[in-house]
Every structure is written in C-alpha cells, then in structure tokens.
Amino acid sequence: MLDDPNPTEAQDAEEGPAFGIIRVEPGDQLWSPKTQQQCTSPVGRWCPPQRGYAVLGALGLLAGVGVGSWLLVLYLWPASQLASETLQGQEMAWNCSEVSNEDVLLPSPRKTVSFRINTEDFLLEVQVRAQPDWLLVCHEGWSLALGRQVCRHLGHLRLTHHKAVILSDVKLNGSQGFAQVSPRRGGLLEEAWQPRDNCTSGQIVSLKCSDCGARPLASRIVGGQAVAPGRWPWQASVALGSRHTCGGSVLAPHWVVTAAHCIHSFRLSRLSSWRVHAGLVSHSAIRPHQGAVVERIIPHPLYSAQNHDYDVALLRLRTPLNFSDTVGAVCLPAQEQHFPRGSHCWVSGWGHTDPSHSHSSDTLQDTVVPLLSTHFCNSSCVYGGALTPRMLCAGYLDGRADACQGDSGGPLVCPDGDTWRLVGVVSWGRGCAEPNHPGVYAKVATFLDWIHDIARVSLEKETLMEEILG
Ligand code: 4AZ
C-alpha cells in the first residue's frame with residue numbers, strides 16, 4: 001500500500017480538456033443519404049437536343065474531374081496525410097476529454113423493489129414502485145426461499161433466522177401499511193408484492209440475515225494511517241506457510257474471497273500449505289501452523305492470466321473463523337447497487353509501501369481512494385481499453401496513493417450508511433502509484449451470482465451431511 005504522506009491537491013480525475021475538439025464522422029451532413037440524393041441527376045426526363053449537350057458537357061466534366069484529381073493528388077497529398085494524423089491526435093484527446101460527463105449522462109438503473117430490516121425487532125419491510133411508504137410483510141405466502149432471496153438482495157451471504165410475529169404483539173403507528181407476497185409470482189419483482197391494509201393471518205415476517213459490514217470498535221478509532229485492530233475486521237492475510245502472499249476478505253466464518261491470480265501464481269503449492277489469518281494487524285505476530293486451514297480453493301472458472309479478467313477466488317476454510325470485535329464479515333453490494341464515481345472507498349493491506357517494491361509493511365495499512373469511471377480508465381489516457389466489464393478502477397491520477405504488490409486479493413470497501421460493502425478485490429495496475437495509472441480491482445457486483453451459487457451449494461451439502469450423520 002502506497003500512501004503519499006504529503007498529498008498535493010489532485011485534480012479531479014475526470015476533469016480534462018472537455019471542450020473545443022470536433023470530430024468529423026460518417027453520419028455528419030456531408031455524408032448523409034439526403035445529400036447524395038441531391039447530387040443524383042434525373043437524366044431520364046430530358047429531351048433529345050438537351051441530351052446532346054448533356055453528353056458533350058458530361059465528357060468535358062469527366063476530363064476536368066480527371067485533371068483536377070491528378071492535380072489534387074500531386075499537390076495536396078502531404079497535406080491530406082497530415083490532416084489524417086492530426087485527426088488521430090485529436091481523437092486521442094477526444095477520448096480523454098469525452099469521458100468527463102459520462103456518469104452524469106448515464107441513467108441509474110430503476111429499482112423495482114427495496115427491502116430493509118428494522119434493527120430493533122428485525123421486522124422485514126418492503127418498498128414498492130418507489131412509493132415513499134415502507135410496508136410490513138404479511139406472513140401469508142412467505143417462504144424460506146423468499147427469505148434467502150431477500151438476504152441476498154441486501155448483500156448478506158445467508159439467512160440466519162426467520163419467523164412469524166403476531167401483529168398484536170408489535171407496537172405500530174395507525175397508518176402502517178402491509179404487503180403480501182402473491183403465491184403465484186415468484187421472485188422479488190414489484191408485481192409480487194400486493195399492498196394491504198391488514199394481514200389476514202394477523203402475522204408479519206421477522207427476518208435475520210448473517211451479520212456483515214459492521215465495525216464494532218470503530219468509535220474508538222482516531223484518524224491516521226496506522227490501522228488499529230478492528231478497523232477492518234474482514235481483512236485477512238492469505239499465507240503460504242507463514243509467508244503472507246495476498247490479502248483477502250472474510251465473507252462468512254467459512255468463506256474468504258481473494259484474487260484468482262494469487263492462487264494461480266502459487267498453483268503448484270500444496271493445498272495444505274495455505275493458511276488464512278484474520279483479526280491480525282501486525283504480521284510479525286504470525287507463527288507457523290497458526291491460522292485457519294484452507295479446505296478448498298475455488299478460482300473463478302473464467303479467470304484469465306493474460307488479461308486478469310474474472311480475478312476472484314473463494315477459499316473455503318476447514319474450521320470456521322471465530323467472529324469477534326476484530327474478526328467479522330464484510331457485506332457484498334446489494335442487488336443493483338451502484339457506487340458512483342467519486343465515492344470515497346478504502347483499500348487496505350500489507351503490500352509494498354514504496355514504488356520500488358523493496359519494502360513490505362509489517363502493520364496493516366489503509367488509504368482512501370475515490371472510485372473512477374471505467375469509461376475514463378479505459379480511455380487512451382489511462383489503460384486504453386484493458387479493463388473488462390468485470391473490473392473497476394479507483395485511485396488518483398497524480399499517483400498519491402495506491403494498492404501495490406502484496407495487497408492483491410484484499411478489500412476495496414465503500415460505506416453505505418453504517419454498513420461497509422466489498423466493492424472491489426485488489427487485482428492489478430501498471431506499477432504502483434504511477435501517475436495516470438490508478439489501481440484496478442475485480443468488480444464484486446459482477447460476481448454476486450457466482451459467489452452465492454458456491455456458498456449455497458456448499459450449505460446444501462453441509463445440511464445433507466448433518467441430516468445423514470443425524
Ligand atoms: C500486484 O502485483 C499489484 N497498483 C497489485 C496492485 C497494483 C499493482 C500491482 C495496483 O499484486
């Protein structure tokens with residue numbers, strides 16, 4: 001992790017020479033079908049004497065055009081070549097500046113249905129069609145599958161508890177509305193939720209999802225770069241033996257997410273050599289044979305070592321981590337949640353602390369990095385198209401702070417109210433803290449289905465084993 005101790009005021013990453021560059025494209029008036037139509041001669045409607053003059057005229061015109069073209073080629077060729085080169089240059093400049101308004105112009109995806117869980121008594125509430133009222137959910141039509149979907153929608157890995165609560169046991173305001181799920185409509189779409197004045201069963205849904213995204217010790221932390229225990233409770237160190245190789249993020253007591261390239265680089269190592277350390281700040285505290293044993297490594301099946309696409313891997317731990325004030329899970333992004341460019345997110349890790357890659361940090365480091373637009377990062381001024389839709393970038397164009405070697409696999413988290421969500425996994429970049437080359441991260445939002453599918457299948461296997469073993 002590189003962090004300039006004397007940061008200079010950086011320019012807004014996406015402010016550039018946005019005005020004054022014109023690009024002539026096919027589609028401009030000169031090339032329009034309408035213009036071509038005006039140039040077409042309606043020869044067929046002319047009378048014979050006119051036709052004779054026309055033939056003579058045409059021959060003269062042809063000769064003139066021939067001589068003219070030859071002269072043009074002879075004298076204007078170097079100029080036209082220069083013009084085309086200038087246009088290329090302009091296009092590069094246009095690519096750089098064109099991105100400045102990109103995110104402003106993009107419409108944000110429309111939310112069909114939103115959920116929240118009341119923190120006092122865990123009552124589930126739903127908001128449909130962006131109407132202002134939050135509705136309590138009637139227990140009729142409710143199911144475990146629906147509860148799992150809601151937890152997943154909210155960015156939790158699992159449902160931990162759900163039950164019916166008797167309405168008369170709950171203190172409500174007079175205007176409280178209700179929603180009932182239609183038994184014939186699966187899914188979480190807005191059509192599935194029908195507003196009601198009351199619940200016929202007299203029961204509503206209480207739901208608990210797995211804990212995530214909280215920092216129990218946060219109130220005790222005062223600013224600065226030295227990371228205190230508990231500041232990032234999901235931060236893990238993925239080690240081979242006792243040697244730190246990469247960062248990771250705790251998703252659940254059994255699950256840690258890291259970068260696929262970390263695993264790929266050491267693919268010849270034995271599974272039993274991998275360890276995960278959580279709740280750690282200082283590396284020198286690690287002793288051989290400490291840490292959680294890795295039971296299974298699941299790199300994304302589409303991971304590409306050539307372009308770092310799909311750079312995520314899941315580690316399943318043999319024994320669950322003990323959650324505490326200093327060890328806990330991070331939340332995933334909620335469904336359809338968009339973190340706009342400029343969002344202040346944090347990256348943490350034990351990676352190199354200088355660009356010459358000569359010094360790793362013994363204590364966990366962190367730094368704040370703003371999200372940049374992928375469109376901008378893909379422009380010719382930055383990574384020139386190297387980012388795939390599974391990537392995002394964050395950092396500074398003046399190279400003031402960045403993730404570095406050894407931080408790979410670690411978390412890029414963004415705050416969402418009081419909740420921290422894993423938005424990126426440290427993946428790659430050209431050098432570290434190099435001007436115009438911010439850090440590139442695997443975009444967690446694009447891996448939600450894959451992560452949930454793996455965790456679900458694993459949970460089903462566990463449940464089956466428990467049933468078999470009694
Ligand atoms: C690496 O080699 C690495 N500056 C990680 C992050 C970045 C560059 C390299 C981003 O693991």
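Please read these numbers as outputs of a predicted model, since none were measured by experiment. (Residues numbered from 1 in each chain as written. Predicted model: local features only at pLDDT ≥ 70, side-chain atom pairs only at ≥ 80, totals over all residues. Heavy atoms only, no water.)

Caption draft 1: Expanded view of the pairing of strand S6 (residues 178-181). Burial along S6 is two-sided: Phe-178 and Gln-180 facing one way and Ala-179 and Val-181 facing the other are all buried. As judged from the 2 bridges shared by strand S4 (residues 135-137) and S6, these two strands associate in the parallel manner. Directly across from Val-137, in S6, lies its bridge partner Ala-179. Pairing between S6 and strand S7 (residues 193-196): 4 bridges, direction antiparallel. (Buried < 20%, exposed > 50% of the residue type's maximum accessible area, 1.4 Å probe, protein only. Helix = DSSP H or I, 4+ residues; strand = E, 2+ residues; numbered from the N terminus. Pairing = 2+ DSSP bridges.)

Caption draft 2: A look at the packing of aromatic side chains. Evaluation of the coordinates by the stated rule reveals 7 aromatic pairs. Look at Trp-232 and Trp-346: their rings are 5.8 Å apart centre to centre, the planes differ by 40°, and that puts the pair in the tilted class. Placement of Trp-232 in the loop between strand S8 (203-209) and strand S9 (235-240) and of Trp-346 in strand S15 (residues 344-349) is noted, with a sequence separation of 114 residues between them. Judged by its relative accessible area of 5%, Trp-232 is buried. Among the aromatic residues, ring-to-ring pairing joins Trp-232, Trp-234, Trp-346 and Trp-420 into one connected group. (Phe/Tyr/Trp six-rings, centres within 6.5 Å; stacked < 30°, edge-to-face > 60°.)

Caption draft 3: Quick look at the confidence of the model for the chain. Residue-level pLDDT values for the chain average 79, and 73% of them are 70 or greater. Confidence drops under a pLDDT of 50 for residues 6-56, and excluding neighbours within four residues, the segment shows 33 contacts in the predicted structure. For residues 66-95, every residue scores under 50 in pLDDT, and the model assigns this stretch 11 contacts once sequence neighbours within four places are set aside. (pLDDT = per-residue confidence, 0-100. Contact = heavy atoms within 4.5 Å.)

Caption draft 4: Structural context of the state of the cysteines. Tallying each qualifying case throughout the model produces 7 disulfides. Here Cys-151 is linked by a disulfide to Cys-209, with a sulfur-sulfur distance of 2.1 Å. One disulfide, between Cys-151 and Cys-209, carries an S-S torsion of -80° and so falls in the left-handed class. One end of the pair, Cys-151, is in helix H4 (residues 144-153); the other, Cys-209, is in strand S8, and 58 residues separate them in sequence. For the pair formed by Cys-151 and Cys-209, the shared burial category is buried. Covalent S-S linkage joins Cys-377 and Cys-393, the inter-sulfur distance amounting to 1.7 Å. Taking the torsion about the S-S bond as the criterion, the Cys-377 to Cys-393 disulfide, at about 80°, is right-handed. Separated by 16 residues along the polypeptide, Cys-377 in helix H6 (residues 374-377) and Cys-393 in strand S17 (residues 391-394) bring together distant segments of the chain. For the residue pair Cys-377 and Cys-393, the accessibility class agrees, reading buried in each case. (Disulfide = S-S within 2.5 Å.)

Caption draft 5: Here's a closer look at the side chain of Gln-127. Tracing the chain through its elements places Gln-127 in strand S3 (residues 124-128). Polar contacts involving the side chain of Gln-127 include one to the main-chain carbonyl oxygen of Gln-131, which spans 3.0 Å. The residues contacting Gln-127, other than those within four sequence positions of it, are Thr-112, Val-113, Ser-114, Pro-132, Asp-133 and Trp-134. (Polar contact = N/O pair within 3.5 Å; in protein donor to acceptor, adjacent residues only side chain to side chain.)

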